Amino acid sequence: MVAAPELISSKSPRVSAARRLAKRNFRGKERLFLAEGPQAVREAAGHGKTLVELFATVDAAERYADIVGEAREAGARVHLADEDVIADISTTVTPQGLVGVCRFLDTPFEQILAARPRLVAVLANVRDPGNAGTVLRCADAAGADAVILTDGSVDLYNPKSVRASVGSHFHLPVAVGVPVEEAVAGLKAAGVRILAADGSGADDLDTELDQGTMGTPTAWIFGNEAWGLPEETRALADAVVRVPIHGRAESLNLATAAAVCLYASARAQRASSTR
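Thresholds, definitions, all that
- Residues numbered from 1 in each chain as written.
- Predicted model: local features only at pLDDT ≥ 70, side-chain atom pairs only at ≥ 80, totals over all residues.
- Heavy atoms only, no water.
- Pairing = 2+ DSSP bridges.
- Helix = DSSP H or I, 4+ residues; strand = E, 2+ residues; numbered from the N terminus.
- Axes fitted to C-alpha atoms, helices over the stretch in contact; angles between N-to-C directions.
- Patch = residues over 30% accessible without salt bridge, like charges linked within 9 Å, V, L, I, M, F, W, Y side chains within 5 Å.
- Areas by Shrake-Rupley, 256 points an atom, 1.4 Å probe, with all protein chains shown as cover.
- Salt bridge = Lys/Arg side-chain N within 4 Å of Asp/Glu carboxyl O.
- Lys, Arg positive; Asp, Glu negative; His and termini not counted.
- Charge placed at Lys NZ, Arg CZ, Asp CG, Glu CD.
- Phe/Tyr/Trp six-rings, centres within 6.5 Å; stacked < 30°, edge-to-face > 60°.
- Buried < 20%, exposed > 50% of the residue type's maximum accessible area, 1.4 Å probe, protein only.
- Right-handed = clockwise from strand over helix to strand, strands pointing away.
- Contact = heavy atoms within 4.5 Å.
- Parallel < 35°, antiparallel > 145°, perpendicular 65-115°, else oblique.
- Left-handed = near helix turned anticlockwise from the far one by under 90°.
- Nonpolar A, V, L, I, M, F, W, Y, C, P; charged D, E, K, R; others polar.

Chemist: Report on the sheet that holds strand β1 (residues 32-36), specifying residues and quantitative values.
Modeler: Judged by pairing direction, the sheet is mixed, and its four strands sit side by side in the order β1-β4-β2-β3 without closing on themselves. Strands at the two margins of the open sheet, each flanked by one partner only, are β1 and β3 (77-80). Along the sheet, successive strands turn relative to each other by an average axial angle of 20 degrees, direction set aside. Two elements, β1 and strand β4 (residues 98-103), share five bridges in a ladder whose sense is antiparallel. Along β4, the bridge assignment pairs L32 with R103.

Chemist: Explain a nonpolar patch on the surface to me, using residue names and the numbers behind them.
Modeler: A cluster of nonpolar side chains, contributed by I245, L252 and V260, occupies part of the molecular surface with about 200 Å² of accessible area. Topologically, V260 is positioned in helix α13 (residues 254-273).

Chemist: I'd love a proper account of a negative patch on the surface, names of residues and values included.
Modeler: Negative charge collects at one region of the surface, where E110, D151, E181, E182 and E232 lie side by side. Tracing the backbone shows E181 in helix α10 (residues 180-189).

Chemist: For the packing of aromatic side chains, give the residues involved together with the corresponding values.
Modeler: Scanning all chains against the criterion turns up five aromatic pairs. Ring geometry for F33 against Y157: centres 4.7 Å apart, planes inclined by 35 degrees, an arrangement best described as tilted. Of this pair, F33 sits in strand β1 while Y157 sits in the loop between β6 (146-150) and α9 (159-165), and the two are 124 residues apart along the sequence. As far as burial versus exposure is concerned, F33 and Y157 are alike and both buried. With a centroid separation of 4.0 Å and an interplanar angle of 15 degrees, the aromatic rings of F104 and Y157 are classed as stacked. One end of the pair, F104, is in the loop between β4 and α7 (109-114); the other, Y157, is in the loop between β6 and α9, and 53 residues separate them in sequence. The pair F104 / Y157 is uniform in exposure class, with both members buried. Taken together, F33, F104, Y157 and F170 form an aromatic cluster joined through their ring pairs.

Chemist: Describe the pairing of strand β5 (residues 119-123), listing the residues and the values that go with them.
Modeler: The buried count for β5 comes to five of five residues, which makes it a mostly enclosed element. Along β5, one buried face is formed by L119, A121 and L123 and the opposite face, lined by V120 and V122, is buried too. Alignment of β5 against strand β10 (residues 218-222), held across five bridges, turns out to be parallel. Considered in β10, the bridge of L123 is made with F222. The sheet contact formed by β5 and β6 spans four bridges and is parallel. Of the residues in β6, the one forming a bridge with V120 is A146. Chirality of the crossover, the property in question, places the unit of β5, helix α8 (residues 129-142) and β6 among those that are right-handed.

Chemist: Describe in detail the sheet that holds strand β7 (residues 174-178), supporting the description with residues and values.
Modeler: Strand order in the open sheet made by the seven strands is β7-β6-β5-β10-β8-β11-β9, with parallel pairing throughout. In this open sheet, the two edge strands, each paired with only one partner strand, are β7 and β9 (203-204). Relative to the sheet, α8 contacts β5, β6, β7 and β10, its axis offset from that of β5 by approximately 175 degrees. Here α13 sits on the sheet and contacts β5, β8 (193-197) and β10; the angle it forms with β10, its principal contact strand, is near 170 degrees.

Chemist: So what's going on with the packing of helix α3 (residues 38-45) against helix α5 (residues 65-73)? Residues and values would help.
Modeler: Look at α3 against α5: their axes get within 9 Å of each other, and the N-to-C directions meet at 30 degrees. Considered as vectors, α3 and α5 are oriented roughly parallel to each other. Where α3 crosses over α5, the two elements pack in a sense that is left-handed. Contacts between α3 and α5 involve P38, V41, R42 and A45 from the former and D66, I67, E70 and A71 from the latter. Tallied by class, residues from the contact of α3 with α5 come to five nonpolar, no polar and three charged.

The values reported here are purely geometric and, on their own, carry no functional implication.
This is the structure in C-alpha cells:
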C-alpha cells in the first residue's frame, strides 16, 4: 500500500510567510511575491533562481508533474499541501493548485538605458493592477524591450498585476518607481523618441504611420485610464498621439490602446530595419 504524501501544515511558518505576501508592505520587505497557476509558475521556474518555493496540491503536482520537476531543478523547495492551505495562500477565488514564491524581478532604469532599447512602454500613474499587468503582456507580445512604471503607478507585484501579465513579468526588463521626468530625460538622452498616448492628442496614429515617423526608437507613455495624462506629462513628449476612432465607440480602454500603439511601432520598426 502506497503511503499518503506528507502535506505541509497550515500552521507552518512557511505557509504563514507565503500568506503575508498578499500585502504590499511584506512583499517590499522580503522582496518576494506570489505567482499563481501553471503558466506563471512554469515561467518562474525557467527564469534562473527566481522561484524560491512552490506550494502544490497533490492533484496539481500530478497533473503538472513537469512544472514541479522544473521547479525542483531550479532549486525551489516544493511543498505538497491540501486545498485549504492553497486557498489560504492564494489570492484568487478559484485557485489552480500551484502557488509559487518568487524573488523580485525589477531591473535598474540605468541598465535598461544601457541596453539601447528601441521600444518601451512607460506607465505613468497607472493605478489599476489589472491594466498594468495587461499592458505588460501587450508590450511583451509586441516585442518591446522594456517597461517602466513611474513612481505614481501600481505595485508591479500586486497579485492582480501578476495574474494579468500571464507570465510576461518573467520575459522583459521592468523598471519601477522612476519619476516620469527622469524616465523621459533618460530615454531622450538614449536617442528614444517620446510619444504620449492620449485621446485628445493633436497627432493621429494613422498619420504618424503614413508619414514614416515611427520607425525610430520609441517610448510610449500611457496614463491613468480614468483621467489620462496631465498636461505637464504631455508637455514632456515629442508628440501627443491619439488612436483614431473610426466607429462610434467613445474611446478605447488603456490596455487596448496600448496594444494598438505598441504593435504600430513594432511594425514600423521592422519595416524600417528591412529597408
